[in-house]
Amino acid sequence: MVQYRKIILGDPLETEAVVEQPEAEQWEEAGGLPGFLLGREKKILRYRMRDSQLVYGLGETVRGINKRGWKYISDCSDETNHTEDRNSLYAAQNFLLIFDEQGAQALFVDTPGRVIFDIGFTHAASLEITLDELDAAFYYAEGSDPLELIREFRRIIGPSYLPPKWAFGYGQSRWGYKNEQDIRRVVEGYEKAGIPLDMVYLDIDYMDHFKDFTVDSEAFPDLPGFVREMKEKGIHLIPIIDAGVKIEEGYPVYEEGVKEGYFCKKEDGEEFRTAVWPGLVHFPDVLNDKAREWFGNQYRTLLDMGIDGFWNDMNEPTLFYTEEHLEEVFRRLEELRGQEMDIWKFFEFGDLTGSISSRAEDYRTFYHDFRGRKVRHDKVHNLYGYYMTRAAAEAFRRLAPDREILLFSRSSYVGMHRYGGVWTGDNKSWWSHLLLNLQQLPALNMCGFLYSGADTGGFGSDCTEDLMMRWVELSMFTPLFRNHAALGTRVQELYRFEELAPDFANLIRLRHALIPYLYEQFVRAREQNDLLFTPLALAYPSDRRVRTVEDQLLLGDALMIAPVYIQNAVGRYVYLPEPMTLCRFRSVTDYDRLELPAGDHYIDLALNEVAIFVRPGHTLEVTGDTISIR
Ligand code: GLC
């Protein structure tokens, strides 16, 4: 049995990431963390990595499954470019697993401020963890089996969120569905093409002027009636909720929040003002118990209309600008006006307007009332999305204890996995993001996030029909399966790709046929603190070949998946660490089977074909429309 030790530096804030708390030891008494040196400046932990060690974890980040060779910064960010040169995305999931044949070590750095994980970026063999604050709790364990370290970590952070079973269906979303008619048209498009549809997501357009917990009454004159109409078709409507509350006289959420003092405040005690979609907003202080309860209660408006699912957004929290900074920018622009625009001024000009959002300086200007302490936002920044989502989940337990509610969030911290799932934010319609989607899944699982998935087809930029098909061939295995796209991009509802619509219908039916297995494995992974998606290097520790396989994953205990993620490819190489049965599906009933020995194989996979590999000792049987996997 492995056990986590809790070793603390200074006086850390209690984040409630971990629920099964080991006895805490002070760094000095504990003799520090085995293998880690505390740097002279006392904010850096150094660890020397052996060449043979792989480093996994960190949840939702850029790059591959093995995190070696880059610098990752836990600093929840509204980052719309998930390119490999970025350091931060929306999440802060500070769990690392370091392992090779000689053994494994696991470390969770529990501190709600910024943390830099330099994993062989500055020096190839050196892992350096730099903290903004000296106050942090480290949860550390070692053992021979890395999977056991993951299981024990998951046990101490508590059980993952369990969504309603219907949330394993297929959902359509798009920023820009303006009204009931738009949504009816989408539903009709799916019906006509014979493609099953289980959820339609409502983006900010459903709200009255982007005000949380309101509905635009012209666009949706009778939302409860519309919810019923859709439910009769088996479709759940899932609205978005944003972090910022619009500043507007007469808007009850704003007025009540101000009256009760539930919004984040500046040093001088005035409410902090910033801008997001609705224009000027306040941020509810979800870190404060009372304010969190109050904000959670607001979801009632929509619950009462029959809504049974939500996605929480912009909760890093994103700020577009503050009025103070905007003033400075205008002042400086005025100064520049009329001056000769040399190249440096030209650069400054671009920077002035191009970097006004979510500035570190602005995050230092407001405060939370957290566990009785006044805490500056930047010191607890990474907790905001977690506590916003917790606000909702706690409210659902109070307000609708008998209902199962779908809930997921953009920003997250370990601990939030008990309250909701995550989607991986504003990716792009790029082939590289299809692979990134696959690589993020096991890392998310390690940190407790089982209900997760990416914007299928890509959020930004234009999706092509072949990218959508290949992406569906991955997302059909992810618990959250949602097609979502940004305003202004090419339409990408599956029925829009007319020639391929029958194939899409087959694939979504195939997903439906796989739900019993997916759900059963999800529940098992949740109960046994296992991964749903396992990298091959963890499952076959004695096979050196699999250490670099980053485009195949085990799914549950019976299957392996290996999607195609290269445009124009008509197949791909797959490495089998053990003999497996390949089932190549074109639809639930149209498939072929091939027994393959261990080793390298080139597998032909036409655009409409999905490969499912069945591991030895397991079976996959198709009877009529059902697939049973044992
Ligand atoms: C954010 C979300 C995206 C949503 C958009 C408008 O960019 O990540 O999913 O569509 O806001 O609400």
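A quick note: this is a predicted structure, and the numbers were derived from the prediction, not measured.

**Quick look at the site of the ligand**
Around the ligand there are 13 residues in total, and D203, D313, R410, D426 and H484 lie nearest to it. One of the side-chain nitrogen or oxygen atoms of D203 is found 2.5 Å away from an oxygen atom of the ligand. Burial of the ligand by the protein chains amounts to 97% of its free accessible area of 310 Å². Taken together, the residues of the shell around the ligand sort by class into eight nonpolar, one polar and four charged.

**Let's talk about the sheet that holds strand β35 (residues 610-614)**
Taken together, the six strands give an open sheet; going across it, the order is β28-β29-β30-β35-β32-β33, and neighbouring strands pair in antiparallel fashion. With one partner strand each, in any of the chains shown, β28 (533-535) and β33 (591-596) form the two edges of the open sheet. Neighbour to neighbour, the strand axes of the sheet diverge by 30° on average, direction disregarded. Packed onto the sheet, helix α15 (residues 501-527) meets β29 (553-555), β30 (559-561), β32 (580-585) and β35 and runs at close to 25° relative to β35.

**Focus: the sheet that holds strand β12 (residues 136-143)**
Strand order in the open sheet formed by six strands is β2-β1-β12-β9-β8-β5, and the pairing between neighbours is mixed. In the strand order of this sheet, the two ends are held by β2 (24-26) and β5 (54-57), each with one partner. For this sheet the average axis-to-axis angle between neighbouring strands, irrespective of direction, equals 25°.

**A closer look at the pairing of strand β14 (residues 199-202)**
Residues M199 and Y201 point to one face of β14 and V200 and L202 to the other, with burial holding for every one of them. Here strand β13 (residues 171-172) runs beside β14; their pairing, made up of two bridges, is parallel. In the sheet register, Q172 faces β14, and the bridge partner there is V200. For the segment spanning β13, helix α3 (residues 180-193) and β14, crossover handedness is right-handed. As paired elements, β14 and strand β15 (residues 236-242) share four bridges and run parallel to each other.

**Thoughts on the environment of R373**
Note on placement: R373 falls in strand β21 (residues 373-376). Separated by 360 residues in the primary sequence, R373 and L13 have C-alpha atoms spaced 9.7 Å apart. When near neighbours in sequence (up to four residues on either side) are disregarded, R373 contacts D11, P12, L13 and H368.

So, how was this worked out
- Residues numbered from 1 in each chain as written.
- Predicted model: local features only at pLDDT ≥ 70, side-chain atom pairs only at ≥ 80, totals over all residues.
- Heavy atoms only, no water.
- Near = heavy atom within 4 Å.
- Polar contact = N/O pair within 3.5 Å; in protein donor to acceptor, adjacent residues only side chain to side chain.
- Areas by Shrake-Rupley, 256 points an atom, 1.4 Å probe, with all protein chains shown as cover.
- Nonpolar A, V, L, I, M, F, W, Y, C, P; charged D, E, K, R; others polar.
- Pairing = 2+ DSSP bridges.
- Helix = DSSP H or I, 4+ residues; strand = E, 2+ residues; numbered from the N terminus.
- Axes fitted to C-alpha atoms, helices over the stretch in contact; angles between N-to-C directions.
- Contact = heavy atoms within 4.5 Å.
- Buried < 20%, exposed > 50% of the residue type's maximum accessible area, 1.4 Å probe, protein only.
- Right-handed = clockwise from strand over helix to strand, strands pointing away.

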